[in-house]
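Coordinates in review
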Amino acid sequence: MLEVQRGPPLHVELRQGDGWELSQFLCAGESGVIGGNTRLFMDGQQASTTHTVSEAAGEEVPAAGGAKRPLAASPGGSAGPSSSGDGDAAKRQRRASDGAVPSSGGVAAAAAAAAAGGATAAQQQQQQQGSDPLDRVPDAPMHLMRVRGIPSWANEGMLGVKLADLVRGKLLWALVSNYMVDAAWLLSACPDLQQAEHLLVVHGEHSDWTLGQMRRDVAHLGGRCVLHAPPLPIQWGTHHSKAFILQYQHGVRVIIFTANAIYPDCNNKSQGLWWQDFPPKDEHSAQTSQFEQELAGYLRELKLPPAEAGTALRLLAAHDFSAARGHIIASVPGYHTGAALHCWGHMRLRAALNKEPAWAGAFRGAPLAAQFSSMGSLDDRWLNDEFKASMAAGRCELAAGGFGAGRLGMPPPGSQGLQLVWTSGSEVRNSLEGWAAGNSIPGPCKNVEKPFLQTHYRSWGGEVCGRQRAMPHVKTYLRYRVVQPAAGAAGAAGAAAAAGGDAGGAAAGAAGPAVEVAWMYVGSHNLSKAAWGALQKQGSQMMVRSYELGILLTPACEAAYRASRWHGFSCTSTQPLPAEGGCGEAAAGAAAAAAGGAAPASAVRFTQWRRGAPQEAAAAADGVLRVPLPIAYRLPPAQYPPGERPWTVDGAWQGLDALGFDRDASPSCHYGALEHMEWGEVVERARRRSG
């Protein structure tokens, strides 16, 4: 690239459908990835005719070819509407990470100073921080990752967050944790990682080829990058956790998600993520917190090199995690006894649920749903007794006149009580990746086709969030209840889904009963004993094979977060702090209940988001704050259509897929792609390599 004399940064936004694919500040001579195989290159003050280019001060600027475009004013001084589609109220309210950074109007002021020729490096840094794409994401407990090739509405707001929007800015220290790591792709997708002062990659790669390729891909980082594979003391275990821990100048960002660090996982599949920013401790901070202890305990079990372990643990000890928006649910390999019995796997889930304030009595005996992308060798006793007992843990309010709290209790036996959301063969065949998507859903026939499982299976669907063709790699576990059944809703939803297209997805997503969710887990755990652990020796010992990491979301945690002084804190935004107690008295009351452990945590409730509904939490007339969660499959989950059968990775599947391949000729595309490539290009390269 030729050297270009750089003037003041320009605010650039690319509009595609109803959403904004690119929103950032670029100087002349800089480029930005805008999706697909396209890059925007700034030449002076011009860009291609498909882009709106504006000075941050708000003037019109000619696009390529001399045409002028009117600029639609948006909050924060940038052009274009909020990507959430819900207007100003849907913007994510963020706390400025540094009191010296301008808040209201600060970005525009800094840009104006830059245009006048008087901008300092610090002002330009502030300006770039002020364009944080997360400021336009609704303040939700969990999000879905962006998927290419689906309707634009299905990537709006909390439905379509990009890793690059989260892993950005000046990074002092970064931990990348994953199972599969295509380092070349990761650095192309999150380019700011290359500038991190120190990068620690904790991975599960063990083949000579992948390890050698990863070392070559990070060689240019020199001593700033350390690779570490945690020990696997028990056969068949893996390091499967998927997370980032990012240190900024003014805080730490923790990201827990469900995708491998490879192109197809982060572009073509349905994935979930959770993140939260945490400030440094101050004189009002507690010495430690449960979340800090949970995360530090997990990091110790990774057996990091001593220098790396010391840095990581000191970093956690220096920051305030008291307002964490969930509970860490982790697994580490070993034979756990005594106090450690309740620290890992499904026994950790059981313990966390049992410590929560009582749920509404309507959740007593409510059904459970488990959705996952890989299945181990299960038996009826483990699934329907041991594991289901952990998912069924917790207390509920007693009926009027009762005293104290009862148990939520086990759901009904069979498929009415436990539904397993597992992709069907037709869903894989018709997906964005065709048969190749099934390679990332590794359920062999010997595991999937066990007779006792068949009545539990439910289809993925994905129409609720426009993800019918984006195969699930997300893993979610939850307890729910139907609030308001809708007559004939299931049939209407099925017909709309069969019609296909955006309209069909919209109708199917909106149809169906209203659903309330007691709690939800999202993370790396698949449905296996290796991941969740299995009790041994009359329940006195837990055997776990793999490293896993997830987050448990509960109404009490959400209420405590919203009522805390750190609600809205951000490491990368300059938006002002929302008013203290910004969630209102409802969340404050639930927070008090969570702290006291006696009163019910009913002032905040989780609901399943449906298309057309706001993505932001909303307080109702009854004083309850209802917080929507983007759960992509229908609740209750839908049964397979007649003739459908569950996907098996080694099964005999006939016919051509959506890309024109039969099952045996479908190319493997896990490694070797870069973020700017279109999926068709990736597939063609893989096809040529396979001969």
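Residues numbered from 1 in each chain as written. Predicted model: local features only at pLDDT ≥ 70, side-chain atom pairs only at ≥ 80, totals over all residues. Heavy atoms only, no water.

In the annotation of an unreviewed UniProt entry, the protein chain is listed under the name Tyrosyl-DNA phosphodiesterase 1 and assigned to Micractinium conductrix. As recorded by UniProt, the Subcellular location (unreviewed entry) comment attached to the protein chain reads in full: "Nucleus". (UniProt positions renumbered as here; feature names shortened; annotations may be inferred.)

1. Description of the sheet that holds strand β12 (residues 272–278)
Taken together, seven strands build an open sheet; the order of strands is β6-β12-β11-β10-β7-β8-β9 and the sheet is mixed. The two strands at the open ends of the sheet, each matched to only one other strand, are β6 (143–144) and β9 (225–228). When strand β7 (residues 173–177) meets strand β10 (residues 243–248), the two strands line up antiparallel, connected through five bridges. Each bridged residue has a counterpart across the sheet, and for Ser-177 the counterpart in β10 is Ala-243. (Pairing = 2+ DSSP bridges. Helix = DSSP H or I, 4+ residues; strand = E, 2+ residues; numbered from the N terminus.)

2. Details of the UniProt feature "binding site: substrate" (unreviewed entry) in the protein chain
UniProt records the feature "binding site: substrate" (unreviewed entry) at Lys-242 and Lys-475, using the numbering of this structure. For the residues just named, distributed over 234 residues, the greatest C-alpha separation is only 11.6 Å, placing them together at one site. Residue position: Lys-242 is located in the loop between β9 and β10. Taking relative accessible area as the criterion, Lys-242 reaches 0% and is therefore assigned buried. Apart from residues lying up to four places away in sequence, Lys-242 is in contact with Ser-177, Asn-178, Tyr-179, Ile-255, Ile-256, Phe-257, Thr-258, Ala-259, Asn-260, His-473 and Ser-524. Since its relative accessible area comes to 0%, Lys-475 is described here as buried. Leave out the neighbours within four places in its chain, and Lys-475 touches His-240, Thr-258, Gln-371, Phe-372, Ser-373, Tyr-521, Val-522, Gly-523, Ser-524, His-525 and Asn-526. In terms of polar contacts, Lys-475 uses its side chain to reach the side chain of Ser-373, at 2.5 Å. (Buried < 20%, exposed > 50% of the residue type's maximum accessible area, 1.4 Å probe, protein only. Contact = heavy atoms within 4.5 Å. Polar contact = N/O pair within 3.5 Å; in protein donor to acceptor, adjacent residues only side chain to side chain.)

3. A closer look at the UniProt feature "active site" (unreviewed entry) in the protein chain
UniProt marks His-240 and His-473 with the feature "active site" (unreviewed entry), using the numbering shown here. Mapping His-240 onto the fold places it in the loop between β9 and β10. Judged by its relative accessible area of 10%, His-240 is buried. Look past the residues within four positions of His-240 in its chain and what remains in contact with it is Tyr-179, Lys-475, Ser-524, Asn-526, Tyr-547 and Glu-548. On the secondary structure map, His-473 appears in the loop between β19 (457–458) and β20 (476–484). Look at His-473 and you get buried, because its relative accessible area is 5%. Sequence-distant contacts of His-473, defined by excluding residues within four places in its chain, comprise Lys-242, Thr-258, Ala-259, Asn-260, Asp-265, Lys-269, Ser-270, Gln-271, Ser-373 and Ser-440.

4. Here's the deal with the nonpolar core
Membership of the largest hydrophobic core comes to 108 residues, with the highest contact counts inside it found for Tyr-477, Val-517 and Trp-519. When residues of this core are assigned to their parent elements, the largest contribution, seven residues, is made by strand β21 (residues 514–523). Filtering out sequence-adjacent residues up to four positions away, Trp-519 remains in contact with Leu-349, Leu-353, Trp-359, Leu-368, Met-391, Tyr-477, Leu-478, Arg-479, Leu-552, Leu-553 and Thr-554. By size, the runner-up hydrophobic cluster in this structure holds 47 residues, among which are Val-137, Leu-166, Trp-185 and Val-218. (Core = buried A, V, L, I, M, F, W, Y, C linked by side-chain atoms within 4.5 Å.)

5. Looking at the confidence of the model for the protein chain
Model confidence for the protein chain is summarised by a mean pLDDT of 81, while 72% of its residues fall at 70 or above. Counting contacts from residues 15–25, a segment whose pLDDT is below 50, to residues more than four positions away or on other chains yields 38 contacts. Low pLDDT (under 50) marks residues 41–93, which in the prediction has 133 contacts with non-local residues, meaning those over four places away or in another chain. (pLDDT = per-residue confidence, 0-100.)

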